[in-house]
Amino acid sequence: MERIQKRIAASGVASRRKAEELILEGRVKVNGIVISNLGTKVGPKDEVTVDDIVVSKLSSLYLVLNKPRGYISSVSDEFDRKTVMDLVPKEFKDFHVFPVGRLDYDTKGVLILTNDGDFMNQMVGPKSGVQKEYLVRVKGIVNSSVLNRLENGVMINGKMTLPAIVSLESIDRENSSSLVRITITQGMNHQVKEMFKAVGYEVKRLTRVRFGNIKIDDMSEGEIRRLTIHEVKTLLELAKQPKLLRKK
Ligand code: URA
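Attention in this report is confined to the structure presented alongside it. Quick caveat, the model's predicted, so the values are computed rather than measured. (Residues numbered from 1 in each chain as written. Predicted model: local features only at pLDDT ≥ 70, side-chain atom pairs only at ≥ 80, totals over all residues. Heavy atoms only, no water.)

**A few points about the sheet that holds strand E2 (residues 28-30)**
Read across the open sheet, the 4 strands follow the order E3-E2-E5-E6; overall the sheet is antiparallel. Taken across any chain shown, the strands that pair with only one partner, and hence form the sheet edges, are strand E3 (33-34) and strand E6 (53-55). With 3 bridges joining them, E2 and strand E5 (residues 48-50) adopt antiparallel strand pairing. Directly across from Val28, in E5, lies its bridge partner Val50. Contacts from helix H1 (residues 4-11) reach E2, E5 and E6, with the element oriented near 65° to E5. (Pairing = 2+ DSSP bridges. Helix = DSSP H or I, 4+ residues; strand = E, 2+ residues; numbered from the N terminus. Contact = heavy atoms within 4.5 Å. Axes fitted to C-alpha atoms, helices over the stretch in contact; angles between N-to-C directions.)

Written out as structure tokens, the structure reads:
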């Protein structure tokens, strides 16, 4: 048996002192029952939750990285290129995290990392309603009929894409390029680039600016931070929302 604050701290959710605060705030349950006694002890089979999220010793870790260009979104690379794992700080190395889905080598922006396979499946599984928002710099001037086609769905690799939310941010006539914002709920291979290819445009730069509720406006490139328990909870709720669907 061990003190409950030790169990919570070992999971990485909060320090022992913070764990005591969580207990006093009534946010900690043991086997489904709120506990308020700081002296509570738990055994290996007891289920401890903070804000109804299970805390176990094999602690789950959820991170967000502001991925720079020039990194592969995988744990290793057969060609010895840099991977996003090179950006994971020492303190998180023992947690064996992996990326939740992929961003291309030359795509930057929001990338979630975790060691929780179940969470990953909920985020990127076929039913996931998590929205992914991208800023896309394309070669050429985009007009409203192109935006409509992207919004309604285009054929890529023999499959029609689900509806997207698309808007034109700006046009650079001097350099003949356009900046488009697109939000999708699917995660087909190179989906955004393929969608633009399908309507005759080449993507020059791609940035994922949002994954569900997670943004990285205040993070520098290459920076990683832990997601809060509430951010994780919200992501799980968003995953259960319906995908963007075609209007009948
Ligand atoms: N779509 C792409 O084409 N590439 C990415 O990296 C992400 C979405």
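**So, the side chain of Ser73**
As for its position among the elements, Ser73 is in the loop between strand E7 (62-67) and strand E8 (98-99). Looking at Ser73, its side chain comes within polar contact range of the main-chain oxygen of Leu103, at 2.7 Å. Apart from the residues within four sequence positions on either side, Ser73 is in contact with Lys67, Val84, Pro99, Gly101, Arg102, Leu103 and Leu111. (Polar contact = N/O pair within 3.5 Å; in protein donor to acceptor, adjacent residues only side chain to side chain.)

**Concerning the site of the ligand**
Within the structure, the ligand sits among Leu103, Asp104, Thr107, Tyr134, His190, Gln191, Val192, Lys193 and Leu206. Between the ligand and the protein, one listed contact pairs an oxygen atom with a backbone N or O atom of Asp104 at 2.7 Å. Val192 is positioned such that a nitrogen or oxygen atom in its backbone is 3.1 Å from a nitrogen atom of the ligand. Burial of the ligand by the protein chains amounts to 96% of its free accessible area of 240 Å². (Near = heavy atom within 4 Å. Areas by Shrake-Rupley, 256 points an atom, 1.4 Å probe, with all protein chains shown as cover.)

**Concerning the packing of helix H3 (residues 117-124) against helix H6 (residues 229-240)**
For any two helices packed against each other, the geometry comes down to the angle between their axes and how far apart the axes lie. Where H3 contacts H6, the two axes come as close as 8 Å, and the packing angle between them is 45°. By the angle between their directions, the pair H3 and H6 is classed as oblique. In this structure, H3 meets H6 at a crossing whose hand is left-handed. Contacts between H3 and H6 pair Phe119, Gln122 and Met123 from the former with Val232, Leu235, Leu236 and Ala239 from the latter. Of the residues in the contact of H3 with H6, the class split is 6 nonpolar, 1 polar and no charged. (Parallel < 35°, antiparallel > 145°, perpendicular 65-115°, else oblique. Left-handed = near helix turned anticlockwise from the far one by under 90°. Nonpolar A, V, L, I, M, F, W, Y, C, P; charged D, E, K, R; others polar.)

**What to know about the pairing of strand E14 (residues 177-184)**
Among the 8 residues of E14, 7 are classified as buried, and the element is accordingly described as predominantly covered. The pairing of strand E10 (residues 132-139) with E14 spans 8 bridges and is antiparallel. By the bridge assignment for E14, Arg137 is matched with Leu179. Two elements, strand E13 (residues 165-172) and E14, share 7 bridges in a ladder whose sense is antiparallel. Following the sheet pairing, Ser170 is matched in E14 by Leu179. (Buried < 20%, exposed > 50% of the residue type's maximum accessible area, 1.4 Å probe, protein only.)

Function-wise, these values are silent; they only describe arrangement.
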